[in-house]
Amino acid sequence: MGLTLDNCFSLMCVIVILLLPSLCFSQDYYVSSRATYYGSPDCLGTPTGACGYKAYGSTINGGEVSGVSRLFKNGTGCGACYQVRCKSPQHCSENGVKVVVTDHGEGDNTDFILSTRAYNKLALPGLAEALFSYGVVDVEYKRIPCQYSGYNLMFKVHEHSRFPDYLSLIAIYQAGVSEITAVEIWQEDCQEWVCMRRAYGAVWDMPNPPRGQPEGAINVRIQVTGSSGSKWVQLKNLIPSAWKAGAAYDTAIQLD
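These numbers were taken from a predicted model, which means no experiment stands behind them.

Student: Help me understand the overall build of the protein, please; the structure alone is not making it clear to me.
Tutor: Looking only at helices and strands, the protein has four helices and 15 strands in total. Looking at the 256 residues of the protein, the share that counts as buried comes to 54%. Across the protein, contacts joining residues at least 24 apart in sequence account for 71% of those joining residues at least 6 apart. With the model as given, the accessible surface of the protein reaches about 12,100 Å², and the carbon-plus-sulfur share is 51%.

Take a look at the structure:
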């Protein structure tokens, strides 16, 4: 017999837990790699990135964003921040650029495919043209905490959601270095947490989602994984029962 939908959700939760040892977090050392760039009309990020961020992925961090290959980690790496600096002293700035991962991409033995604006910031003033002429540059990078002054962690109802039959969520303004490795919704009639599926990138979804508590909201909990291990964080009454596609809901918390 094939797997039922409930079996699939349970299997997904197990897979998430099994993958935890392979995750990495902030680091005090730089790793050598290579970086290239992609073009866009406004020099910002792309609204069609594999993380599923849409317009948020175009402008977050001032458009200084990147697609990554192995650091994508099947979507767990979405939203991570990295300090990237190139290794040509005559052309490159000392600090380089801080980028947010918003996409997946494979280059010529590269870990990063930077937006044009991010790639430009690798260079010393007046020397960006030389870096662009190379196309691919040697870099070094390290994981750093994300910072979003004035913003809490928010969950946005993805534009592909269809009320009330299909709910899709994505975390935005995710500070710190911890990663969201599972998302669950409380099902009141069964008195149990139900695991959402990682649909793709940073997008979590569920068909026929619970309708919410008697007070009219849906409880969500997230598994947060960092250097000290994993923990569950409960977000009570986060999603209104009459949720709308495209709406973002404030968790009133921020991750470390």
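Student: Whenever I open this one, the state of the cysteines confuses me. Can you help?
Tutor: What makes a disulfide is a covalent bond joining the sulfur atoms belonging to two cysteines. Enumeration according to the criterion identifies three disulfides in this entry. In this model, Cys81 is linked to Cys146 through a disulfide, with the two sulfur atoms separated by 2.0 Å. Across the S-S bond linking Cys81 and Cys146, the dihedral sits near 115 degrees, which makes this disulfide right-handed. One end of the pair, Cys81, is in strand 3 (residues 81–86); the other, Cys146, is in the loop between strand 6 (137–144) and strand 7 (154–157), with 65 residues separating them in the sequence. When sorted by exposure, Cys81 lands in the same class as Cys146, which is buried. Covalent S-S linkage joins Cys86 and Cys92, the inter-sulfur distance amounting to 1.9 Å. The disulfide joining Cys86 to Cys92 has a torsion of about -120 degrees about its S-S bond and is therefore left-handed. Comparing Cys86 with Cys92 shows no difference in burial state: the two are buried.

Student: Explain the sheet that holds strand 15 (residues 248–250) here, please?
Tutor: Strands pair in a sheet through their backbones, by hydrogen bonds, and they do so in one of two ways: parallel or antiparallel. As summarised here, the arrangement of the five strands in space is 11-12-8-7-15, forming an open sheet in which the pairing is antiparallel. Single-partner strands in this sheet number two, and they are strand 11 (197–200) and strand 15. Between one strand axis and the next, the sheet turns through 35 degrees on average, direction left out of account.

Student: Where do I start with the pairing of strand 10 (residues 192–195) in this structure?
Tutor: Every other side chain in a regular strand lies on the same face of the sheet, so the side chains alternate between the two faces. Two elements, strand 9 (residues 179–187) and strand 10, share four bridges in a ladder whose sense is antiparallel. From the neighbouring strand, Gln187 faces strand 10, where its bridge partner is Glu192. A loop of four residues connects strand 9 with strand 10, the two strands running antiparallel in sequence, and Gln191 in this loop sits at a positive phi of about 55 degrees.

Student: Is there a simple way to explain the pattern of salt bridges in this structure?
Tutor: Should their charged atoms come close, side chains of opposite charge can pair. In this structure the tally under the stated criterion is nine salt bridges. Between Glu179 and Arg143 there is a salt bridge whose closest N-O contact spans 3.2 Å. In this pair, Glu179 sits in strand 9 while Arg143 sits in strand 6, placing the two residues 36 residues apart along the sequence. Like Arg143, Glu179 is buried. With a shortest N-O distance of 2.8 Å, Lys156 and Glu159 are connected by a salt bridge. When its relative accessible area of 14% is taken as the criterion, Lys156 is described as buried. One network of salt bridges, with partners in common, ties together Lys73, Arg143 and Glu179.

Student: Teacher, can you tell me more about the sheet that holds strand 9 here?
Tutor: Overall, antiparallel pairing links the four strands, which are arranged 10-9-13-14 in an open sheet. Here the strands that pair on one side only, and so sit at the sheet edges, are strand 10 and strand 14 (229–240). Each adjacent strand pair in this sheet contributes to an overall mean axis angle of 30 degrees, direction not counted. Sheet analysis places strand 13 (residues 217–226) next to strand 14, joined by nine bridges and oriented antiparallel.

Cut-offs and rules
Residues numbered from 1 in each chain as written. Predicted model: local features only at pLDDT ≥ 70, side-chain atom pairs only at ≥ 80, totals over all residues. Heavy atoms only, no water. Helix = DSSP H or I, 4+ residues; strand = E, 2+ residues; numbered from the N terminus. Buried < 20%, exposed > 50% of the residue type's maximum accessible area, 1.4 Å probe, protein only. Contact = heavy atoms within 4.5 Å. Areas by Shrake-Rupley, 256 points an atom, 1.4 Å probe, with all protein chains shown as cover. Disulfide = S-S within 2.5 Å. Pairing = 2+ DSSP bridges. Axes fitted to C-alpha atoms, helices over the stretch in contact; angles between N-to-C directions. Salt bridge = Lys/Arg side-chain N within 4 Å of Asp/Glu carboxyl O.

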